[in-house]
Amino acid sequence: MTIVEAKGISYTYPDGIEVFKNISFKVAKGESLGIIGPNGAGKTTLLLALSGLINNSGEISINGELKSEKNINDIRKKISFVFQNPDDQLFMPHVEEDISFGLSKLGYSEEEINEIVKRSLNSAGLDGFELRSSHHLSLGQKKRVCLAAAFARSPEILLLDEPSNELDPGGRKELTGLIKNFKGTKLIVSHDLNMIAEICNNVMILNDNIIKAFGGSKQILSDKKLMEINSLEVPYIYR
Ligand code: ADP
């Protein structure tokens, strides 16, 4: 079953920078899709368009429902977006508030919210972090708080922008495990192609405003020529 469908989508920033042009693709429910490509290829912008944070032209459907101004709030409830930089996402005095932010608007009671915060912290390996200040945590811990906040909303689709960026090997391994444990649909933008190889069953290469390749992760990531012409490198596990 298709959960995300993009049909002929394009986006140009107000200053005239054209990012992607007339691209189409489908993501199946439960799939893990790696979105890769050189810097500036438009990967982050694509996640912003899918989550409804920017207005692209063309059609995006989530669960068969065409995204429009009317249903954007319902669609956003199904999607959690974890930004590349945790400081863009964490702004409350305590971890528990960063995680519960927005949950009361979804109709949960205080008791339910406390339960959700506890459960989400547990699934991000952060038991007991409720009253810590997000700003005093390590980068790895901040990234896990962002992941906990994403899990708290029980999303069907998780959008992750460079989740392992700047993490030490231990933090990267931990985060990879947590992402793998999420059973819903995942779209992951990353330059960490070893992590993409480990988590994703499919891969899209975005470059020069279009999708250069889309298919099985091993098939694409092990194709030396395809990777090189897109300024990418075959990850270690396929060398
Ligand atoms: P990637 O994630 O693949 O590195 P981005 O989606 O961040 O690429 O950026 C795609 C292109 O859009 C780049 O040329 C970048 O400079 C430009 N861009 C990104 N954000 C903005 C913005 N807010 N305003 C104008 N141009 C932007």
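Here the structure is shown first, and the text comes after it.
So, here's what we can say about the structure.

The rules behind these values
Residues numbered from 1 in each chain as written. Predicted model: local features only at pLDDT ≥ 70, side-chain atom pairs only at ≥ 80, totals over all residues. Heavy atoms only, no water. Helix = DSSP H or I, 4+ residues; strand = E, 2+ residues; numbered from the N terminus. Expected span 1.5 Å × (residues − 1). Buried < 20%, exposed > 50% of the residue type's maximum accessible area, 1.4 Å probe, protein only. Arc of directions from axis to C-beta. Contact = heavy atoms within 4.5 Å. Pairing = 2+ DSSP bridges. Axes fitted to C-alpha atoms, helices over the stretch in contact; angles between N-to-C directions. Salt bridge = Lys/Arg side-chain N within 4 Å of Asp/Glu carboxyl O. Core = buried A, V, L, I, M, F, W, Y, C linked by side-chain atoms within 4.5 Å. Domains from an automatic or database assignment.

This paragraph deals with helix α4 (residues 110-123). A rise of 1.5 Å per residue sets the reference length of α4, with its 14 residues, at 20 Å; its end C-alpha atoms lie 20 Å apart and thus fit the reference within 8%. Within α4, burial applies to I113, I116, V117, S120 and L121. Buried residues of α4, seen end-on, are gathered within an arc of 125° and therefore sit on one face of the element. More than 90 degrees from the buried face of α4, the exposed residues found are E111 and K118. Close packing links the buried residues of α4 with α3 (95-100) and α5 (139-152). Positive backbone phi, at 70°, marks G125, one or two positions downstream of α4.

This brings us to the sheet that holds strand β3 (residues 32-36). Paired through their backbone hydrogen bonds, the strands of a sheet run either parallel or antiparallel. If you trace the six strands from one edge of the open sheet to the other, you get β6-β7-β8-β3-β9-β10, paired in mixed fashion. The two strands at the open ends of the sheet, each matched to only one other strand, are β6 (79-82) and β10 (210-216). Neighbouring strand axes in the sheet, compared pairwise and without regard to direction, differ in orientation by 15° on average. Strands β3, β6, β7 (157-161), β8 (185-189) and β9 (202-207) of the sheet are contacted by helix α1 (residues 43-50), whose axis makes an angle of about 150° with β7.

Attention shifts here to the sheet that holds strand β4 (residues 57-62). Reading across from one edge, β2-β1-β4-β5 is the order of the four strands in this open sheet, with antiparallel pairing throughout. Two strands bound the open sheet, and with one partner strand each, they are β2 (18-28) and β5 (65-66). Its contacts with the sheet put α1 on β1 (2-12), β2 and β4, and the angle it makes with β2 is roughly 60°.

All right, on to the pattern of salt bridges then. As enumerated under the stated definition, the model contains 10 salt bridges in all. With its nearest N and O atoms 3.8 Å apart, the salt bridge here joins E156 to K29. Here the residue E156 occupies a position in the loop between α5 and β7, and K29 occupies one in the loop between β2 and β3, the gap between them amounting to 127 residues. When the shortest N-O distance is used, the salt bridge between R239 and E233 registers 3.7 Å. Residue R239 shares its accessibility class with E233, and that shared class is exposed.

With that out of the way, let us pick up the nonpolar core. Counting 45 residues, the largest nonpolar core has I36, I99 and I196 as its most contacted members. With eight residues, α5 is the largest single contributor of residues to this core. Each of two domains, domain 1 (1-78 + 156-174 + 184-239) and domain 2 (86-154), supplies a minimum of three residues to this core. Discounting chain neighbours no more than four positions away, the residues touching I99 are V117, S120, L121, V145, A148, A149 and A152. Counting 30 residues, the second largest nonpolar core, distinct from the first, contains A6, V27, I60 and F81.

Further remarks concern the pairing of β9. Counting buried positions along β9 yields six of six residues, so the element is predominantly enclosed. Residues N202, M204 and L206 line one face of β9 and the alternating positions V203, I205 and N207 line the opposite face, and both faces are buried. When β3 meets β9, the two strands line up parallel, connected through four bridges. Residue pairing in the sheet places I36 in a bridge with I205 of β9. By the bridge criterion, six bridges tie β9 to β10 in an arrangement that is antiparallel. Pairing of N202 across the sheet is with G216, part of β10.

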